[in-house]
Amino acid sequence: MAAPGPARSRSGALCRLLVLTVTILTSACDACKPVILYVPSQLDAEKFIGRVNLEECFKSANLIHSTDPNFQILEDGSVYTTKAILLSSEKREFIILLFNTDSQEEKTISVFLEAQTKVQEEKHSTEKILRRAKRRWAPIPCSMLENSLGPFPLFLQQIQSDTAQNYTIYYSISGPGVDQEPRNLFYVERDTGNLYCRGPVDREQYQSFQLVAFATTPDGYTPELPLPLVIKVEDENDNYPIFTETTYIFTVFENCRVGTTVGQVCATDKDEPDTMHTRLKYSILEQLPSRPTLFTMHPSTGVLTTTSSQLDREVIDKYQLKIKVQDMDGQHFGLQTTATCIINIGDVNDNLPTFTRSSYVTSVEENTVDVEIVRVTVQDKDLVNTANWRANYTILKGNENGNFKIVTDPKTNEGVLCVVKPLDYEERQQVILEIGVTNEAPYTREAISKSAISAVTVTVTVQNQDEGPECRPPAQTVRIKENAPVGTQSDGYKAYDPETGSNSGIRYRKLNDPKGWVTLDENSGLITIFRNLDREADSINNGIYNITVLASDKNGRSCTGTLGIVIEDVNDNGPFIPKTMVTICKPTMFSTEIVAVDPDEPINGPPFDFSLESSDSEVRRMWRLTKINDTAARLSYQNDPPFGPYVVPVRVTDRLGLSTISSLRVRLCDCVTEAECDIRSIERIGGGTVKLGPWAILAILLGIALLFCVLFTLVCAASRATRGVKALPDELAQQNLIISNTEAPGDDKLCSTDAFTTHTVGASGQGICGTVGSGVRNGGQETIEMVKGGHQTLDSCRGAGHHHTLDPCRGGHVEMENCRYTYSEWHNFTQPRLGEKVHLCDQDDNHKHAADYVLTYNYEGKGSVAGSVGCCSDRQDEDGLEFLDHLEPKFRTLAEVCMKR
């Protein structure tokens, strides 16, 4: 029982020594705000107990050290135990030393560990003692460790209001974890303000809780404002890092350089970011095949690269890696996960194709084409059915004449040699070809340095075949002078037998002779002129006349050739002037150029000589020729001839003296351009050269048909009028032609009964059927109304029957039918009154009529079906009279008569 005494004395001495050390360190360097961590009384080894904010104390520290070796401090401030620790009833304290080696600056942080059991015991202390503590209504933020093992309920902290000294205070909280999801996780003691947690919390689900604390009196009074209270959940390394894929598949090409990127792997960790719990390290655990080691992985980024350039797909085409990711920056106690990475080696063209044989021998008959004669094969170690494996064959030597072609069979990769142009046994009996092979894809440098292109020799034997005649060369020529006499004989086409080299036994026949100028001897092939040859004929091209000849042997085998007859030119065509009509615009031009041509060869053509060919001295007096060059001359006038057409004969002579006379028609014209003179010539002719087209003829015919229709309509109307009631007797018409002048604008109206037609001119616009009433002068105009038994308007007449309105000058016209007044009534009433009205109209101060007002008119006969022409002169002043300038001849005479006074 005495042993514990010395032990306590030794532990007390150690504690005093630790306190002394802390005191010395505190005095020697700056101390930061102390930290209190609430931990279980028993701590396991490598256990996370909390986190200290190192950057808040000393941000530039690069050396971190703990005065207690039982605790390890990481760079992010995480505190871990290095071995199992059992806390005593007293608080445990250690110091974190922060040091900057560059500036030699040092700071310390005091960390106090307090067992949670002691906190629970303190809640049973008296209220009086708690009140003497005088805790403020602003506690520091608290935290709790996720997945805590308790014991529960777990004390977090105490909230206390200063008003508790004067009032009885009840404490309460609300928010997530209390009355919101997750409900009932936290609670506070009403009287003490101690805050507790009822169970463990997962930080990956709830990173923090935003609570609100309330302090109230029993009667509901609130002496304090609501207090925001943050409970942070400290992260625990409880989540394994996970690769984004269970199996990664990458491809890298063989023979790649060292350091070539193969791919990148990636992993995620649900723990708190930017902590040691999420600081991941990647590594390769295993490689299959294991030797040699060809790949490496960056520990931080997961990028996979090559460490060797000896990757060879033809040796190993695939590698498999087992990779690992571990948190806690790869420390041995971090959580880890593995995955598989498969690396396929991509193919490059690093292997040349090689022929399986060194030479080939084959044969082919002459004159055969498009036949396969041999197949050559190659082998290639590159990946099958890729551009690195597919072969391209080329004939390197022996195919100068283009008789052969080699192609690649896409299924077998063989080279197929074919004949595309017939071979001739008589020329060559054997052909030796050299064939080379390459790949579709270009070679790599390594492949080029290994060996040269692969080649093989192919010997082709040409077999003889019985052939027909040979037209060689296929086009032959003979020369014959132009205008050679008929019957002249010349060499013809010659074909040969390739077996014997002679032309005996070969027969000839014409296949084509465009103009039938020659005949062909069947046995010898000689030609005879059948008609005169004309080199200047239209079908002759460059002086060569071609005929087609068929040559055949006794077995019927044949060939075809062309015989070109070169017609040698003779001077049988004189030069002439193709443009026989020229124009000289006299004010602006004094001459014109004339050009001559000669159909013969140049040796029989220019230089030409130009001269005036006329015995008339007047021509030589008016015209003059001046040579410009070998083929052109200038024709100019002299002595100022008058305008008009002239004929100027001009003789043109070639270098050999052959000449022709061309009659030039020369127009001296008063113009600026030749086109202007052409237009004036057409106007003088009067359009004599104009011809009517089919559409013009059709338009004329339609106009004639329309005219007949109009005449037919007029005849029908006249015949209908003769059957009707006569409007006025001839005698009455002779006596009632009067003049009515209009002195002011107004509307003309016409009211017609069965036997009367009259004008009423006035502003009222009323037409009255009946006897004539009084005339009313209105604004200088006179209105004559016909009234019987009272005043009747035009509308009253309309009720009696059908009517139409049409003014005779303006298009308005009134017809009134069924008016019940006889001709005798109208005549007896209107005749004396109209005479009186006419007598009084338009008199001067001396009561004399104007000379141009009352005129005497004689009776001219019955009316015409063409109607009245009164509208031609009775127009208002505002209407235009321009139409009088465009009247036809028969109306011009009428206009002249009307204009006379």
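In this convention, every chain numbers its residues from 1, walking through the sequence in written order. Totals for whole chains, interfaces and linings use all residues, but because this is a predicted model, local features are given only for residues with pLDDT of at least 70 and pairs of side-chain atoms are given and counted only at 80 or more. Side-chain numbers here rest on the full set of heavy atoms in the structure, without hydrogens or water.

K.L.:
Which parts of the structure should I look at to understand the overall build of the chain?
P.N.:
Helix and strand definitions here come from DSSP, where helices need a minimum of 4 consecutive H or I residues and strands a minimum of 2 consecutive E residues; each element is numbered from the N-terminal end. Helices and strands together make up the secondary structure of the chain, namely 12 helices and 55 strands. What sets the accessible areas is the Shrake-Rupley method with a 1.4 Å probe; for residues, cover comes only from the shown protein chains. When the accessible surface of the chain is split by element, carbon and sulfur atoms take 53% of a total near 53,200 Å².

K.L.:
What exactly am I supposed to notice about unusual backbone geometry here?
P.N.:
Excluding glycine, most residues fall at negative phi; most peptide bonds, likewise, are trans. For the bond from Arg291 to Pro292, the omega torsion is -10°, close enough to zero to count as cis. Tracing the backbone shows Pro292 in the loop between β22 (281-288) and β23 (295-297). The omega angle of the peptide bond from Arg472 to Pro473 is -5°, so this bond is cis rather than trans. Mapped onto the elements of the fold, Pro473 is located in the loop between β35 (454-463) and β36 (475-481). The backbone of Glu46 shows a phi angle near 55°, a positive value even though the residue is not glycine. The class for Glu46 is partly exposed, based on a relative accessible area of 41%. Of note in this structure, Asp640 is not a glycine but carries a positive phi near 50°. The topology assignment puts Asp640 in the loop between β47 (632-637) and β48 (644-653). Throughout, exposure labels follow a simple rule: accessible area from a 1.4 Å probe, protein chains only, divided by the maximum for the residue type, with under 20% read as buried, over 50% as exposed, and the rest as partly exposed.

K.L.:
What's the story with the pattern of salt bridges in this structure? I'm lost.
P.N.:
It is possible for side chains bearing opposite charge to pair when their charged atoms get close. When a carboxyl oxygen of Asp or Glu lies within 4 Å of a side-chain nitrogen of Lys or Arg, that pair is called a salt bridge. One pass over the structure, following the stated rule, counts 23 salt bridges. Between Glu414 and Arg375 there is a salt bridge, with its nearest N and O atoms 2.9 Å apart. A residue pair is termed long-range when its members are at least 10 positions apart, and Glu414 in the loop between β32 (404-408) and β33 (415-419) and Arg375 in strand β29 (residues 371-376) qualify at 39 residues. Judged by relative accessible area, which is 32%, Arg375 ranks as partly exposed. Salt-bridge contacts for Lys397 lead to Glu434; the nearest nitrogen and oxygen are separated by 3.8 Å.

K.L.:
It is not clear to me how the sheet that holds strand β28 (residues 359-365) should be interpreted in this structure. Could you clarify?
P.N.:
Strands pair in a sheet through their backbones, by hydrogen bonds, and they do so in one of two ways: parallel or antiparallel. Strands pair, by our definition, only if DSSP identifies at least two bridges between them. With mixed pairing, 4 strands are arranged side by side in an open sheet as β28-β35-β34-β31. If you trace the sheet from one side to the other, it starts and ends with β28 and β31 (391-397), each paired once. Here the average twist between neighbouring strands, direction ignored, is 30°. Sheet analysis places β28 next to β35, joined by 7 bridges and oriented parallel. Bridge pairing in β35 places Val361 opposite Thr459. Between N-to-C directions, angles span 0 to 180 degrees; the directions come from axes that are lines fitted to C-alpha atoms, helices contributing only their stretch in contact.

K.L.:
Looking at this model, I keep getting lost on the confidence of the model for the chain. Mind explaining?
P.N.:
Regions with low pLDDT carry predicted coordinates that are not meant to be interpreted in detail. Confidence scores per residue from the predictor, reported as pLDDT, run from 0 to 100. Per-residue pLDDT for the chain has a mean of 76; in total, 72% of the residues score no lower than 70. Confidence, expressed as mean pLDDT per element, reaches its minimum in the chain at strand β51 (residues 757-762) with 35 and its maximum at strand β18 (residues 242-243) with 96. What makes two residues a contact is simply this: any of their non-hydrogen atoms within 4.5 Å. Contacts for the low-pLDDT stretch residues 1-28, under 50 throughout, to residues beyond four places or in other chains number 7 contacts.

K.L.:
Please explain the side chain of Asp409 as it appears in this structure.
P.N.:
In this structure, Asp409 sits in the loop between β32 and β33. Classification of Asp409 as buried rests on a relative accessible area of 16%. What qualifies as a polar contact is a pair of N or O atoms within 3.5 Å, subject to a donor-acceptor requirement within protein and to the restriction that residues adjacent in sequence count only when both atoms come from side chains. Within the local environment of Asp409, its side chain forms a polar contact with the side chain of Thr412, the two groups lying 3.4 Å apart. Leave out the neighbours within four places in its chain, and Asp409 touches Arg375, Glu414 and Val416.

K.L.:
What exactly am I supposed to notice about the sheet that holds strand β7 (residues 78-81) here?
P.N.:
With antiparallel pairing, 3 strands are arranged side by side in an open sheet as β4-β7-β6. One side of each edge strand has no neighbouring strand; the edge strands of this open sheet are β4 (48-51) and β6 (71-73). Pairwise comparison of adjacent strand axes, ignoring direction, gives a mean angle of 25° for this sheet. Here 3 bridges tie β6 to β7, and the two strands are oriented antiparallel to one another. Bridge pairing links Gln72 to Tyr80 in β7.

K.L.:
Sorry, what's going on with the side chain of Glu146 here?
P.N.:
Mapping Glu146 onto the fold places it in the loop between β11 (142-145) and β12 (154-158). Buried within the structure, Glu146 lacks any salt-bridge partner; Arg203 is the closest side chain of opposite charge, at an N-O distance of 4.5 Å. At 2.8 Å, the side chain of Glu146 forms a polar contact with the backbone nitrogen of Arg203. If we skip the residues at most four places from it in the chain, Glu146 touches Val201, Asp202, Arg203, Glu204, Val233, Glu234, Asp235, Glu236 and Asp238. Positive: Lys, Arg. Negative: Asp, Glu. His and the chain ends are not part of the count.

K.L.:
Looking at this model, I keep getting lost on the pairing of β32. Mind explaining?
P.N.:
The two faces of a sheet get side chains in turn, since along a regular strand they alternate between them. Where β32 and β33 come together, 5 bridges link them in antiparallel fashion. Within β33, the position partnered with Phe404 by the bridge is Val419. What sits between β32 and β33 in their antiparallel hairpin is a turn of 6 residues, with Asn413 showing a positive phi close to 65°.

K.L.:
Would you mind going over the state of the cysteines with me for this structure?
P.N.:
A disulfide bridge is the covalent bond that connects two cysteines by way of their sulfur atoms. Cysteine sulfur atoms are paired as a disulfide whenever they fall within 2.5 Å. Enumeration over the complete set of coordinates arrives at 4 disulfides. Shown here is the disulfide that connects Cys32 with Cys57, its sulfur atoms set 1.7 Å apart. The disulfide joining Cys32 to Cys57 has a torsion of about 75° about its S-S bond and is therefore right-handed. With Cys32 in the loop between β1 (30-31) and β2 (35-39) and Cys57 in helix α2 (residues 54-57), this residue pair connects regions lying 25 residues apart in the sequence. The buried category is assigned to Cys57, whose relative accessible area is 9%. Across the disulfide from Cys669 sits Cys677; the S-S distance is 2.5 Å. Between Cys669 and Cys677 the disulfide shows an S-S torsion of about 110°. By sign, it is right-handed. Like Cys669, the residue Cys677 is buried in the burial classification.

K.L.:
Any chance you could explain the packing of aromatic side chains here in plain terms?
P.N.:
Note on aromatic pairs: each is described by the distance of the centres and the angle between the planes. The pairing test for Phe, Tyr and Trp rings, Trp by its six-membered ring, is centres within 6.5 Å, and the orientation test on the planes gives stacked under 30 degrees, edge-to-face over 60, and tilted for anything in between. Applying the stated criterion to the full structure yields 16 aromatic pairs. Measuring from centroid to centroid gives 4.9 Å for Phe186 and Phe209, while their planes differ by 70°, and the two rings are edge-to-face. On the criterion of sequence distance, the pair formed by Phe186 in strand β14 (residues 186-188) and Phe209 in strand β16 (residues 208-216) is long-range, its members being 23 residues apart. By the burial criterion, Phe186 is buried, and Phe209 matches it. Pairing Tyr187 with Tyr196 gives two aromatic rings, centres 5.4 Å apart and planes at 20°, and the pair type is stacked. With a relative accessible area of 22%, Tyr187 lands in the partly exposed category. The criterion is that NZ of a Lys, or CZ of an Arg, lies within 6 Å of the ring centre and within 35 degrees of the ring normal, and then a charge sits over that ring. For the cation-ring pair, Arg190 lies above Tyr170, with the distance from its terminal atom to the ring centre recorded as 3.9 Å. In this arrangement the basic side chain of Lys586 is found over the ring face of Phe643, its NZ or CZ atom lying 5.2 Å from the centre.

K.L.:
Please explain the environment of Ile96 as it appears in this structure.
P.N.:
For Ile96, the position within the fold is in strand β9 (residues 92-100). For Ile96, a relative accessible area of 0% gives the class buried. Remark: the alpha-carbon pair of Ile96 and Ala31, spanning 65 residues in sequence, is separated by 9.9 Å. Discounting chain neighbours no more than four positions away, the residues touching Ile96 are Val52, Leu54, Ile64, His65, Ile73, Lys107, Thr108, Ile109 and Val111.

K.L.:
Which parts of the structure should I look at to understand a nonpolar patch on the surface?
P.N.:
Taken together, the side chains of Ile697, Ile700, Leu701, Ile704, Leu706, Leu707, Phe708, Val710, Leu711 and Leu714 make up a nonpolar region of the molecular surface, amounting to roughly 950 Å² of accessible area. The topology assignment puts Leu701 in helix α8 (residues 694-723). For Leu701, a relative accessible area of 52% puts it in the exposed group. Excluding any residue in a salt bridge, patches collect residues exceeding 30% relative accessible area, merging like charges within 9 Å and nonpolar Val, Leu, Ile, Met, Phe, Trp and Tyr side chains within 5 Å.

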